[in-house]
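# Remarks on the overall topology
One letter stands for each residue in the lines below.
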Amino acid sequence: MRRNVLLAAATAVLAALLLGGTAAAAPTKVVGKVGPGFTISLSVGGKKVKTLRAGKAYRFVVSDRSEDHDFHLIGPGVNRTITSEEFTGTRSVVVKLRKGTYRFLCAPHADAMRGSFKAVG
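Being a predicted model, the structure only gives us computed values, none of them experimental. (Residues numbered from 1 in each chain as written. Predicted model: local features only at pLDDT ≥ 70, side-chain atom pairs only at ≥ 80, totals over all residues. Heavy atoms only, no water.)

## Comments concerning the environment of Val30
Looking at the secondary structure, you find Val30 in strand S1 (residues 28-34). The class of Val30 is buried, set by a relative accessible area of 0%. Each C-alpha atom of the pair Val30 and Gly46 lies 9.4 Å from the other, and the pair is 16 residues apart in sequence. (Helix = DSSP H or I, 4+ residues; strand = E, 2+ residues; numbered from the N terminus. Buried < 20%, exposed > 50% of the residue type's maximum accessible area, 1.4 Å probe, protein only.)

What follows is the structure, encoded as structure tokens:
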């Protein structure tokens, strides 16, 4: 009898894990664009990024449309070139943001091609 109760409890726990367990949500997509002219941008859902949530992971999907530019992300704990010069196409990275200010820029043209956002907690 006791064995049947334990078996039933174990089965219930396994079923709950398989059917009702919550999967981690996919990171929010942040769209970056650089080029073909002297333009660089970040958006979420079509809106310009001004703030994002600190402590959360985001998937930065960057479309580089010029071999003359790159897309560089700099901020607390991050110093990453997502696309390089001479590369055209799309690259994606997941970044967990810390509280603070982040800058995105084209390194060869940082005077004209740059932006920033804050990660707030």
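## So, the side chain of Ser66
With respect to the helices and strands, Ser66 occurs in the loop between strand S5 (57-64) and strand S6 (71-75). Under the relative-accessibility criterion, Ser66 is labelled buried at 8%. Within the structure, Ser66 has its side chain in polar contact with the backbone nitrogen of Asp68 (distance 3.1 Å). With sequence-adjacent residues up to four places away left out, Ser66 is seen in contact with Val34, Gly35, Pro36, Phe87 and Thr88. (Polar contact = N/O pair within 3.5 Å; in protein donor to acceptor, adjacent residues only side chain to side chain. Contact = heavy atoms within 4.5 Å.)

## Considering the sheet that holds strand S7 (residues 78-83)
Pairing within the open sheet is mixed, and its 5 strands lie in the order S4-S10-S9-S6-S7. The strands lining the two open edges of the sheet, one partner per strand, are strand S4 (51-53) and S7. Taking each pair of neighbouring strands and ignoring which way they run, the sheet shows an average axis angle of 25°. Pairing geometry for S6 and strand S9 (residues 100-105), over 3 bridges, is antiparallel. Bridge assignment links Ile74 to a residue of S9, and that residue is Arg103. (Pairing = 2+ DSSP bridges. Axes fitted to C-alpha atoms, helices over the stretch in contact; angles between N-to-C directions.)

## Observations concerning the pairing of S9
The pairing of S9 with strand S10 (residues 114-120) spans 6 bridges and is antiparallel. Directly across from Phe104, in S10, lies its bridge partner Gly115.

Don't take any of this as a statement about function, it's just geometry.
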